[in-house]
Amino acid sequence: GSRRETMQRRCHSVVGTGESVDAPGSSFIVSVNGELWTVDVDVDGSTNFKDGLNDIGDLSPGMGVEVKGDEVGSQHVLASEVKPKTIELKLKGVIDSVDVPGSSFTVFAGGSLWTVDVDGDTDFRKGFSDFGDLSPGIGIEVKGTEVGPLNVLASEIKPKDMIVCTTGDPTD
């Protein structure tokens with residue numbers, strides 16, 4: 001094997017939500033695909049920041065990013081390019097709890113408990129007219145933008161028939 005073969009690294013592309021930024025340490029953590037595992041990304045002087053990002057100081061928790069670079073270890077990427085990325089999600093699940101004062105609710109979707117934030121731009125559809133129509137146990141589909149780990153700002157909310165297995169005492 002030549003030296004080139006042994007030195008070859010795997011190029012990797014990571015799209016996720018910034019979780020924390022360590023500017024002095026030239027690194028930041030990214031939550032990927034709504035999962036709680038993270039990717040550690042080192043940023044050196046050769047990193048190209050694009051689309052309005054000038055350096056690591058422009059990154060913040062909750063920001064969607066796309067990182068391209070060499071995988072230098074398990075879930076560890078040396079970034080050659082970093083740019084902002086809007087992360088659109090669609091969740092289908094069952095409402096677990098509703099926080100009326102906080103304009104948010106939680107929903108079980110894909111095996112995880114997500115927090116869904118609602119604002120004046122959220123579109124309620126197909127029988128939902130506003131936040132007051134939401135209650136625990138209702139099947140729901142949410143479209144929105146990931147604003148943090150397991151956290152979505154809803155652009156659209158509509159009812160969705162869900163087959164749910166429940167445990168506990170039957171209600172009369």
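Conventions we followed
- Residues numbered from 1 in each chain as written.
- Predicted model: local features only at pLDDT ≥ 70, side-chain atom pairs only at ≥ 80, totals over all residues.
- Heavy atoms only, no water.
- Helix = DSSP H or I, 4+ residues; strand = E, 2+ residues; numbered from the N terminus.
- Contact = heavy atoms within 4.5 Å.
- Areas by Shrake-Rupley, 256 points an atom, 1.4 Å probe, with all protein chains shown as cover.
- Salt bridge = Lys/Arg side-chain N within 4 Å of Asp/Glu carboxyl O.
- Core = buried A, V, L, I, M, F, W, Y, C linked by side-chain atoms within 4.5 Å.
- Buried < 20%, exposed > 50% of the residue type's maximum accessible area, 1.4 Å probe, protein only.
- Pairing = 2+ DSSP bridges.

Structural notes on the overall build of the protein chain
- Across its full length, the protein chain carries one helix and 12 strands.
- When its helices and strands are written in sequence order, the protein chain yields α-β-β-β-β-β-β-β-β-β-β-β-β.
- Put simply, 55% of the contacts in the protein chain that link residues at least 6 apart link residues at least 24 apart.
- On the protein chain, roughly 10000 Å² of surface is accessible, and the fraction owed to carbon and sulfur atoms is 47%.

Regarding the pattern of salt bridges
- Applying the stated rule across the entire model yields 10 salt bridges.
- Across the pair D123 and R125 runs a salt bridge whose closest N-O atoms are separated by 2.7 Å.
- Note that K158 is salt-bridged to E141, the shortest N-O span being 3.7 Å. Separated by 17 residues along the polypeptide, K158 in strand β12 (residues 151-159) and E141 in strand β11 (residues 139-148) bring together distant segments of the chain.
- Three or more residues joined by partner-sharing salt bridges are found here, namely D123, R125, E141, K143, E156, K158 and K160.

Observations concerning the nonpolar core
- Among the nonpolar cores identified, the biggest contains 18 residues, and L91, F105, L134, I140, V142 and I157 are the most heavily contacted of them.
- Contributions of two or more residues to this core are made by β7 (88-99), β8 (104-109), β9 (112-117), β11 and β12.
- Those residues within four positions of V142 in sequence are excluded, and the remaining contacts are L89, K90, L91, F105, V116, V152, A154, E156 and I157.

A few points about the pairing of β12
- Taken together, the three bridges between β9 and β12 define a ladder with parallel strand orientation. Looking across to β12, one finds that T115 is bridged to N151.
- Relative to β12, strand β10 (residues 123-124) is paired through two bridges, and the arrangement is parallel. By the bridge assignment for β12, F124 is matched with I157.
- Inspection of the sheet shows β11 paired to β12 by eight bridges, in the antiparallel sense. Bridge pairing in β12 places T145 opposite L153.
- In this structure, the hairpin formed by β11 and β12 is closed by a connection of two residues, where L150 is found at a positive phi of approximately 55 degrees.

A word on the environment of H76
- Structurally, H76 is set in strand β6 (residues 76-84).
- Taking the C-alpha atoms as reference, H76 lies 9.6 Å from H12; in sequence the two are 64 residues apart.

Considerations on unusual backbone geometry
- With a phi angle near 55 degrees, D51 is a residue other than glycine that sits in the positive phi range.
- Here D51 lies in the loop between β4 (48-49) and β5 (64-73).
- D51 sits in the exposed class, given a relative accessible area of 57%.
- With a phi close to 50 degrees, K126 is a non-glycine residue in the positive phi region.
- Mapped onto the fold, K126 is located in the loop between β10 and β11.
- Classification of K126 as exposed rests on a relative accessible area of 64%.

Overview of the environment of F28
- Inspection of the secondary structure assignment puts F28 in strand β2 (residues 27-32).
- Look at F28 and you get buried, because its relative accessible area is 2%.
- A sequence separation of 33 residues divides F28 from P61, and the C-alpha atoms of the two residues are 9.2 Å apart.

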